[in-house]
Amino acid sequence: MKDTKELLKILILEDVGDHCFNGVSKDIGSPNVFGGQVLAQSLNAAYRTVPKDRVLHSLHSYFLEAGNLNIPITYSVQVIRDGGSFSTRRVTAHQNDKTIFILACSFHRKEEGYEHQMPIKKELKQPEELLSWSDMLEQFGDFLPRKLKEFLSIERPIDFKPVQFVNPLEKKDLPPIVDVWFKLKGNEEDLELAVKQQILTYISDYNILTACLYPNASKAHFGNTQMASLDHSMWFYRDFDFNDWMLFSIESPNSFGARGFACGNIYTRNGELIASVAQEGLMRPLKKEK
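Cut-offs applied
- Starting afresh in each chain, residues are numbered from 1 along the sequence in its written order.
- Local features are withheld for residues below a pLDDT of 70 in this predicted model, meaning they are given only at 70 or higher, and side-chain atom pairs are given and counted only at 80 or more; totals for whole chains, interfaces and linings count all residues.
- Side-chain calculation: all heavy atoms of the structure are included, whereas hydrogens and water are not.
- A run of H or I in DSSP counts as a helix once it spans at least four residues, and a run of E counts as a strand once it spans at least two, with each numbered from the N terminus.
- Put simply, the radius of gyration uses C-alpha atoms, and a globule should come to 2.2 Å times the residue count raised to 0.38.
- We call a residue buried when its accessible area falls under 20% of the maximum for its residue type, exposed when it is over 50%, and partly exposed in between, using a 1.4 Å probe and counting protein chains only.
- Put simply, the grid is 1 Å and covers the protein atoms alone, a cavity is a trapped set of points that fit a 1.4 Å probe, a pocket is an open set with protein on both sides within 12 Å along at least five of seven lines, and lining residues have an atom within 4 Å of a point.
- Grid points are joined across faces, edges and corners, and a volume is the space filled by probe spheres set on the points.
- Any residue that is not Ala, Val, Leu, Ile, Met, Phe, Trp, Tyr, Cys, Pro, Asp, Glu, Lys or Arg is counted as polar, Gly included; the first ten are nonpolar and the last four charged.
- Each axis is a line fitted through C-alpha atoms, taken for helices only over the stretch in contact, and angles between the N-to-C directions span 0 to 180 degrees.
- Oblique is the label for any angle not covered by the other classes, which are roughly parallel (under 35 degrees), roughly antiparallel (over 145) and roughly perpendicular (65 to 115).
- Crossing handedness: left-handed means the near helix sits turned counterclockwise from the far one by under a right angle, and right-handed means the same turn made clockwise.
- By definition, residues are in contact when any of their heavy atoms lie within 4.5 Å.
- What makes a salt bridge here is a side-chain nitrogen of Lys or Arg within 4 Å of a carboxyl oxygen of Asp or Glu, nothing more.
- Expected span, for any helix, means 1.5 Å times one less than how many residues it has.
- Only strands joined by at least two bridges in the DSSP assignment are considered to pair.
- Nonpolar cores are built from buried Ala, Val, Leu, Ile, Met, Phe, Trp, Tyr and Cys residues. Side-chain atoms within 4.5 Å join them into one set.
- Polar contact is defined as a pair of N or O atoms within 3.5 Å, subject to the rule that within protein one atom must be able to donate a hydrogen and the other to accept it, and that residues adjacent in sequence are counted only when both atoms are side-chain atoms.
- What counts as a ring pair is set by centres within 6.5 Å for rings of Phe, Tyr and Trp (its six-membered ring), and what kind of pair is set by the plane angle: stacked under 30 degrees, edge-to-face over 60, tilted for all other angles.
- When the NZ atom of lysine or the CZ atom of arginine is within 6 Å of a ring's centre and also within 35 degrees of its normal, the charge is said to sit over that ring.

A. Local environment of the overall build of the chain. Within the chain, the regular secondary structure consists of 6 helices and 13 strands. Relative to the globule expectation of 19 Å for 290 residues, the C-alpha radius of gyration of the chain, 19 Å, shows essentially globular dimensions. Each principal axis of the C-alpha distribution contributes one length, and for the chain these read about 55 × 45 × 35 Å. Taking all 290 residues of the chain together, the buried fraction comes to 47%.

Listed below in C-alpha coordinates is the structure:
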(Lines give C-alpha, C1' and ligand atoms only; values in the text may rest on other atoms or scores of the structure.)
Protein backbone atom coordinates (compact mmCIF):
# COMPACT_ATOMS: atom_id res chain seq x y z
CA MET A 1 0.00 0.00 0.00
CA LYS A 2 1.44 3.32 -1.10
CA ASP A 3 -1.01 5.88 0.30
CA THR A 4 -4.20 6.54 2.22
CA LYS A 5 -6.48 5.71 -0.72
CA GLU A 6 -5.06 2.18 -0.89
CA LEU A 7 -5.36 1.80 2.89
CA LEU A 8 -9.03 2.78 2.80
CA LYS A 9 -9.71 0.15 0.13
CA ILE A 10 -8.55 -2.47 2.64
CA LEU A 11 -10.36 -1.04 5.68
CA ILE A 12 -13.80 -0.55 4.10
CA LEU A 13 -15.51 -3.93 4.08
CA GLU A 14 -18.04 -5.61 1.80
CA ASP A 15 -21.51 -5.87 3.34
CA VAL A 16 -22.79 -9.42 2.81
CA GLY A 17 -25.97 -9.05 4.91
CA ASP A 18 -27.18 -10.03 8.37
CA HIS A 19 -24.58 -7.74 10.03
CA CYS A 20 -21.74 -9.69 8.34
CA PHE A 21 -18.90 -8.09 6.38
CA ASN A 22 -16.01 -9.49 4.35
CA GLY A 23 -12.46 -8.15 4.15
CA VAL A 24 -9.17 -9.00 2.50
CA SER A 25 -5.61 -8.60 3.82
CA LYS A 26 -2.39 -6.89 2.81
CA ASP A 27 1.14 -8.02 3.67
CA ILE A 28 3.07 -5.52 5.80
CA GLY A 29 6.21 -7.63 6.16
CA SER A 30 5.08 -10.29 8.65
CA PRO A 31 3.96 -13.86 7.82
CA ASN A 32 0.48 -13.34 9.29
CA VAL A 33 -2.31 -10.79 9.02
CA PHE A 34 -1.35 -7.48 10.66
CA GLY A 35 -3.24 -6.97 13.92
CA GLY A 36 -3.92 -3.30 13.18
CA GLN A 37 -5.72 -4.31 10.00
CA VAL A 38 -8.04 -6.72 11.86
CA LEU A 39 -8.72 -4.07 14.51
CA ALA A 40 -9.58 -1.39 11.96
CA GLN A 41 -11.70 -3.69 9.80
CA SER A 42 -13.63 -4.82 12.89
CA LEU A 43 -14.36 -1.19 13.70
CA ASN A 44 -15.54 -0.58 10.16
CA ALA A 45 -17.99 -3.46 10.59
CA ALA A 46 -19.21 -2.23 13.98
CA TYR A 47 -19.65 1.37 12.82
CA ARG A 48 -21.89 0.18 9.97
CA THR A 49 -24.48 -0.97 12.55
CA VAL A 50 -24.44 2.04 14.89
CA PRO A 51 -26.76 5.10 14.89
CA LYS A 52 -25.16 8.08 13.15
CA ASP A 53 -25.15 10.22 16.30
CA ARG A 54 -22.83 7.80 18.16
CA VAL A 55 -19.01 8.08 18.18
CA LEU A 56 -16.57 5.37 19.22
CA HIS A 57 -15.07 6.05 22.65
CA SER A 58 -13.45 2.71 23.58
CA LEU A 59 -12.57 -0.74 22.31
CA HIS A 60 -11.21 -3.90 23.93
CA SER A 61 -10.07 -6.89 21.91
CA TYR A 62 -8.23 -10.22 21.87
CA PHE A 63 -6.22 -11.82 19.10
CA LEU A 64 -7.02 -15.55 19.30
CA GLU A 65 -5.31 -17.05 16.23
CA ALA A 66 -2.83 -15.87 13.63
CA GLY A 67 -4.68 -14.69 10.52
CA ASN A 68 -3.92 -16.23 7.13
CA LEU A 69 -3.04 -13.56 4.56
CA ASN A 70 -4.54 -15.59 1.70
CA ILE A 71 -8.00 -16.24 3.18
CA PRO A 72 -10.76 -13.58 3.36
CA ILE A 73 -11.92 -12.56 6.85
CA THR A 74 -15.61 -12.45 7.76
CA TYR A 75 -16.66 -10.04 10.52
CA SER A 76 -19.92 -10.77 12.34
CA VAL A 77 -21.43 -7.94 14.39
CA GLN A 78 -23.70 -8.58 17.37
CA VAL A 79 -25.87 -5.68 18.52
CA ILE A 80 -25.54 -5.83 22.32
CA ARG A 81 -27.32 -2.60 23.31
CA ASP A 82 -28.57 0.74 22.02
CA GLY A 83 -29.30 2.91 25.06
CA GLY A 84 -30.16 6.56 25.41
CA SER A 85 -26.50 7.64 25.29
CA PHE A 86 -24.38 4.56 24.53
CA SER A 87 -24.34 1.76 21.95
CA THR A 88 -22.36 -1.44 22.46
CA ARG A 89 -21.24 -3.91 19.79
CA ARG A 90 -19.41 -7.23 19.75
CA VAL A 91 -17.49 -8.23 16.62
CA THR A 92 -16.14 -11.71 15.87
CA ALA A 93 -13.66 -12.27 13.03
CA HIS A 94 -13.60 -15.66 11.28
CA GLN A 95 -11.52 -17.37 8.65
CA ASN A 96 -13.37 -20.45 7.42
CA ASP A 97 -14.63 -22.03 10.67
CA LYS A 98 -11.89 -20.57 12.88
CA THR A 99 -12.43 -17.55 15.15
CA ILE A 100 -9.27 -15.45 15.00
CA PHE A 101 -10.29 -12.25 16.85
CA ILE A 102 -12.98 -10.78 19.10
CA LEU A 103 -13.78 -7.13 19.80
CA ALA A 104 -16.08 -5.28 22.16
CA CYS A 105 -16.58 -1.58 21.45
CA SER A 106 -18.74 1.23 22.79
CA PHE A 107 -20.11 4.33 21.10
CA HIS A 108 -21.30 7.51 22.85
CA ARG A 109 -23.73 10.26 21.91
CA LYS A 110 -21.89 13.60 21.93
CA GLU A 111 -22.18 15.38 25.28
CA GLU A 112 -20.54 18.33 27.02
CA GLY A 113 -18.57 17.86 30.26
CA TYR A 114 -15.45 18.64 32.25
CA GLU A 115 -12.07 18.51 30.53
CA HIS A 116 -8.37 17.93 31.24
CA GLN A 117 -5.49 16.03 29.62
CA MET A 118 -1.91 14.94 30.19
CA PRO A 119 0.42 17.31 28.31
CA ILE A 120 2.61 16.24 25.39
CA LYS A 121 6.30 15.77 26.17
CA LYS A 122 8.32 18.95 25.97
CA GLU A 123 11.49 19.50 23.94
CA LEU A 124 11.06 16.48 21.68
CA LYS A 125 12.76 16.67 18.30
CA GLN A 126 10.34 17.67 15.57
CA PRO A 127 9.72 15.46 12.52
CA GLU A 128 11.77 17.70 10.25
CA GLU A 129 14.85 16.90 12.37
CA LEU A 130 14.42 13.12 12.19
CA LEU A 131 14.94 10.22 9.80
CA SER A 132 11.97 8.23 8.55
CA TRP A 133 11.98 4.47 8.16
CA SER A 134 12.56 5.02 4.43
CA ASP A 135 15.49 7.33 5.17
CA MET A 136 17.02 4.71 7.48
CA LEU A 137 16.71 2.06 4.79
CA GLU A 138 18.32 4.33 2.20
CA GLN A 139 21.20 5.43 4.42
CA PHE A 140 21.92 2.27 6.41
CA GLY A 141 20.31 -0.55 4.43
CA ASP A 142 23.59 -2.31 3.67
CA PHE A 143 24.36 -2.60 7.39
CA LEU A 144 20.96 -3.57 8.78
CA PRO A 145 20.03 -7.10 9.90
CA ARG A 146 18.23 -8.99 7.11
CA LYS A 147 14.82 -9.16 8.83
CA LEU A 148 14.85 -5.47 9.69
CA LYS A 149 15.89 -4.51 6.17
CA GLU A 150 13.09 -6.61 4.67
CA PHE A 151 10.54 -5.06 7.06
CA LEU A 152 11.61 -1.49 6.23
CA SER A 153 11.48 -2.28 2.49
CA ILE A 154 7.70 -2.83 2.52
CA GLU A 155 5.69 0.09 1.07
CA ARG A 156 3.31 1.58 3.65
CA PRO A 157 0.65 4.30 3.64
CA ILE A 158 2.25 5.88 6.73
CA ASP A 159 5.58 7.61 7.34
CA PHE A 160 7.16 6.88 10.74
CA LYS A 161 9.92 9.01 12.29
CA PRO A 162 11.26 7.67 15.63
CA VAL A 163 12.47 10.32 18.06
CA GLN A 164 14.96 7.95 19.70
CA PHE A 165 17.34 6.70 17.01
CA VAL A 166 18.48 3.19 17.94
CA ASN A 167 21.39 1.45 16.23
CA PRO A 168 20.33 -2.23 15.90
CA LEU A 169 23.98 -3.28 15.78
CA GLU A 170 24.75 -1.67 19.13
CA LYS A 171 23.82 -4.29 21.72
CA LYS A 172 22.85 -2.35 24.83
CA ASP A 173 19.79 -2.14 27.09
CA LEU A 174 17.64 0.95 26.69
CA PRO A 175 14.84 2.70 28.60
CA PRO A 176 11.37 1.23 27.89
CA ILE A 177 10.28 4.32 25.98
CA VAL A 178 9.38 4.90 22.33
CA ASP A 179 8.28 8.24 20.87
CA VAL A 180 7.47 8.17 17.17
CA TRP A 181 5.99 10.78 14.87
CA PHE A 182 3.72 9.51 12.09
CA LYS A 183 1.89 10.97 9.10
CA LEU A 184 -0.34 9.57 6.38
CA LYS A 185 0.96 9.50 2.82
CA GLY A 186 -1.34 11.27 0.39
CA ASN A 187 -3.77 14.07 1.06
CA GLU A 188 -7.12 12.85 2.33
CA GLU A 189 -9.25 15.75 3.52
CA ASP A 190 -12.78 15.83 4.94
CA LEU A 191 -12.61 12.30 6.30
CA GLU A 192 -15.43 11.42 8.68
CA LEU A 193 -14.44 10.94 12.31
CA ALA A 194 -15.42 7.26 12.09
CA VAL A 195 -12.96 6.71 9.23
CA LYS A 196 -10.20 8.65 11.00
CA GLN A 197 -10.65 6.48 14.09
CA GLN A 198 -10.36 3.34 11.98
CA ILE A 199 -7.13 4.58 10.41
CA LEU A 200 -5.73 5.61 13.80
CA THR A 201 -6.55 2.17 15.20
CA TYR A 202 -4.69 0.59 12.28
CA ILE A 203 -1.62 2.74 13.02
CA SER A 204 -1.74 2.10 16.78
CA ASP A 205 -0.60 -1.53 16.37
CA TYR A 206 2.73 -0.34 14.94
CA ASN A 207 5.72 0.38 17.26
CA ILE A 208 3.99 -0.31 20.58
CA LEU A 209 5.69 -3.60 21.53
CA THR A 210 9.12 -2.18 20.63
CA ALA A 211 9.13 -0.46 24.04
CA CYS A 212 8.91 -3.91 25.67
CA LEU A 213 12.08 -5.08 23.92
CA TYR A 214 14.27 -2.08 24.72
CA PRO A 215 15.13 -2.90 28.38
CA ASN A 216 16.64 -6.19 27.16
CA ALA A 217 18.05 -4.96 23.85
CA SER A 218 21.54 -6.21 24.69
CA LYS A 219 20.27 -9.73 24.02
CA ALA A 220 16.71 -9.49 22.65
CA HIS A 221 15.61 -8.22 19.25
CA PHE A 222 12.96 -8.94 16.61
CA GLY A 223 15.18 -11.57 14.99
CA ASN A 224 15.44 -13.82 18.05
CA THR A 225 12.09 -13.15 19.72
CA GLN A 226 8.66 -14.38 18.69
CA MET A 227 6.35 -11.40 19.04
CA ALA A 228 2.62 -11.10 18.51
CA SER A 229 -0.23 -8.93 19.78
CA LEU A 230 -2.34 -10.73 22.39
CA ASP A 231 -4.86 -7.99 23.14
CA HIS A 232 -5.44 -4.34 22.31
CA SER A 233 -7.47 -1.59 23.96
CA MET A 234 -8.02 2.04 22.97
CA TRP A 235 -9.85 5.06 24.32
CA PHE A 236 -10.75 7.94 22.00
CA TYR A 237 -11.17 11.50 23.25
CA ARG A 238 -11.17 14.29 20.66
CA ASP A 239 -11.71 14.83 16.95
CA PHE A 240 -8.56 15.46 14.91
CA ASP A 241 -7.12 15.79 11.41
CA PHE A 242 -4.41 13.81 9.65
CA ASN A 243 -3.05 16.87 7.85
CA ASP A 244 0.08 17.13 10.03
CA TRP A 245 2.43 14.87 11.97
CA MET A 246 1.09 13.17 15.09
CA LEU A 247 3.02 11.70 18.03
CA PHE A 248 2.64 8.22 19.54
CA SER A 249 4.34 8.36 22.96
CA ILE A 250 4.79 4.83 24.38
CA GLU A 251 6.23 3.26 27.53
CA SER A 252 6.43 -0.31 28.82
CA PRO A 253 5.89 -0.73 32.60
CA ASN A 254 6.56 -4.48 32.59
CA SER A 255 7.73 -7.60 30.79
CA PHE A 256 7.51 -11.03 32.42
CA GLY A 257 6.62 -14.64 31.62
CA ALA A 258 7.17 -14.29 27.85
CA ARG A 259 4.72 -11.36 27.73
CA GLY A 260 5.28 -7.63 27.53
CA PHE A 261 2.89 -4.80 28.34
CA ALA A 262 3.00 -1.34 26.80
CA CYS A 263 0.74 1.70 26.83
CA GLY A 264 0.83 5.10 25.22
CA ASN A 265 -0.87 8.32 24.23
CA ILE A 266 -1.44 9.75 20.76
CA TYR A 267 -1.20 13.52 20.33
CA THR A 268 -1.63 16.04 17.55
CA ARG A 269 1.44 18.11 16.80
CA ASN A 270 0.01 21.04 18.78
CA GLY A 271 -0.37 18.84 21.86
CA GLU A 272 -4.03 17.77 21.86
CA LEU A 273 -4.48 14.31 23.37
CA ILE A 274 -6.48 12.25 20.86
CA ALA A 275 -6.38 8.67 22.16
CA SER A 276 -4.74 6.25 24.59
CA VAL A 277 -3.62 2.71 23.78
CA ALA A 278 -2.75 -0.37 25.85
CA GLN A 279 -1.49 -3.72 24.61
CA GLU A 280 0.01 -6.93 25.93
CA GLY A 281 2.06 -8.98 23.51
CA LEU A 282 3.83 -12.30 23.30
CA MET A 283 7.62 -11.97 23.75
CA ARG A 284 8.89 -15.53 23.50
CA PRO A 285 12.68 -15.98 23.23
CA LEU A 286 13.57 -18.29 20.36
CA LYS A 287 16.13 -21.03 20.86
CA LYS A 288 17.90 -20.11 17.65
CA GLU A 289 18.20 -16.77 15.94
CA LYS A 290 16.52 -16.44 12.58
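B. Spotlight on the layout of surface pockets. Reported here for the second largest pocket is a volume of approximately 780 Å³. Counting residues per element, the ones that place at least two in the lining of the second largest pocket are strand S3 (54-63), strand S6 (98-109) and helix H5 (193-204). Of the residues forming the lining of the second largest pocket, the biggest block, 3 residues, is contributed by S3. Counted by class, the lining of the second largest pocket contains 7 nonpolar, 5 polar and 7 charged residues.

C. Representation of the packing of helix H2 (residues 35-47) against H5 within the structure. Where H2 meets H5, the axes come as close as 7 Å, and the angle between the chain directions of the two elements is 160°. When the interaxial angle is binned, H2 and H5 end up roughly antiparallel. Handedness of the crossing formed by H2 with H5: right-handed. Contacts between H2 and H5 involve Gly36, Gln37, Leu39, Ala40, Leu43, Asn44 and Tyr47 on the former and, on the latter, Ala194, Gln197, Gln198, Thr201 and Tyr202.

D. Inspection of the pattern of salt bridges at higher detail. Scanning the model with the defined rule gives 12 salt bridges in all. For Asp53, the salt bridge identified is with Arg54, shortest N-O distance 3.2 Å. For Asp53, a relative accessible area of 39% translates into the label partly exposed. For Arg54, a relative accessible area of 9% translates into the label buried. One network of salt bridges, in which partners are shared, links Glu128, Asp244 and Arg269.

E. Seen up close, unusual backbone geometry. We note that Asp18 has phi near 55°; this positive angle belongs to a residue other than glycine. Unlike most non-glycine residues, Glu123 shows phi in positive territory, near 60°. Summarising the element assignment, Glu123 is placed in the loop between S6 and helix H3 (133-140).

F. Representation of H2 in the model. Between its terminal C-alpha atoms H2 stretches 18 Å, which fits the 18 Å expected from 13 residues at 1.5 Å a residue. Counting buried positions over the 13 residues of H2 gives 13, a clear majority of the element.

G. Geometry of the pairing of strand S4 (residues 73-82). As paired elements, strand S2 (residues 20-23) and S4 share 4 bridges and run antiparallel to each other. Residue pairing across strands places Asn22 opposite Thr74, the latter belonging to S4. Strand direction decides the pairing type here: S4 and strand S5 (residues 86-95), joined by 8 bridges, are antiparallel. Following the sheet pairing, Tyr75 is matched in S5 by Ala93. Hairpin geometry of S4 and S5 is characterised by an intervening segment of 3 residues between the two adjacent antiparallel strands.

H. Local environment of the nonpolar core. In this structure, Leu59, Phe182, Ile199, Leu200, Tyr202, Ile203 and Phe242 are the most contacted members of the largest nonpolar core, which totals 71 residues. When residues of this core are assigned to their parent elements, the largest contribution, 7 residues, is made by H2. Membership of the second largest hydrophobic core comes to 6 residues, among which are Val163, Trp181, Trp245 and Leu247.

I. How the structure looks around the side chain of Arg238. When you line up the elements, Arg238 lands in the loop between strand S10 (231-236) and strand S11 (246-256). Side chain to side chain, Arg238 and Glu115 meet in a polar contact 3.5 Å long. Only 3.5 Å separates the side chain of Arg238 from the backbone oxygen of His116, close enough to count as a polar contact. With residues up to four places along the chain from it excluded, the contact list for Arg238 reads Glu115, His116, Gln117, Glu272, Leu273 and Ile274.

J. Quick look at the environment of Arg146. Topologically, Arg146 is positioned in helix H4 (residues 146-153). Spatially, the C-alpha atom of Arg146 lies 8.8 Å from that of Gly223, the residues being 77 residues apart in sequence.

K. Structural detail: the packing of aromatic side chains. As enumerated under the stated definition, the model contains 11 aromatic pairs in all. Ring centres of Trp133 and Phe160 lie 4.6 Å apart, and the angle between their planes is 35°; on these two criteria the pair is classed as tilted. Remark: Phe160 occurs in strand S7 (residues 158-162) and Trp133 occurs in helix H3; sequence separation between them is 27 residues. Pair check on accessibility: Trp133 and Phe160 agree, each one buried. Ring centres 5.0 Å apart and planes at 90° place the aromatic pair Phe240 and Phe242 in the edge-to-face group. According to the relative accessible area criterion, Phe242 is buried, its value standing at 10%. One aromatic cluster in this structure is built from Phe34, Trp133, Phe151, Phe160, Tyr202 and Tyr206. The residue whose ring lies beneath Arg156 is Phe151, and the NZ or CZ to ring-centre distance is 4.1 Å. Note that Lys196 overlies the ring of Phe240, its terminal NZ or CZ placed 5.5 Å from the centroid.

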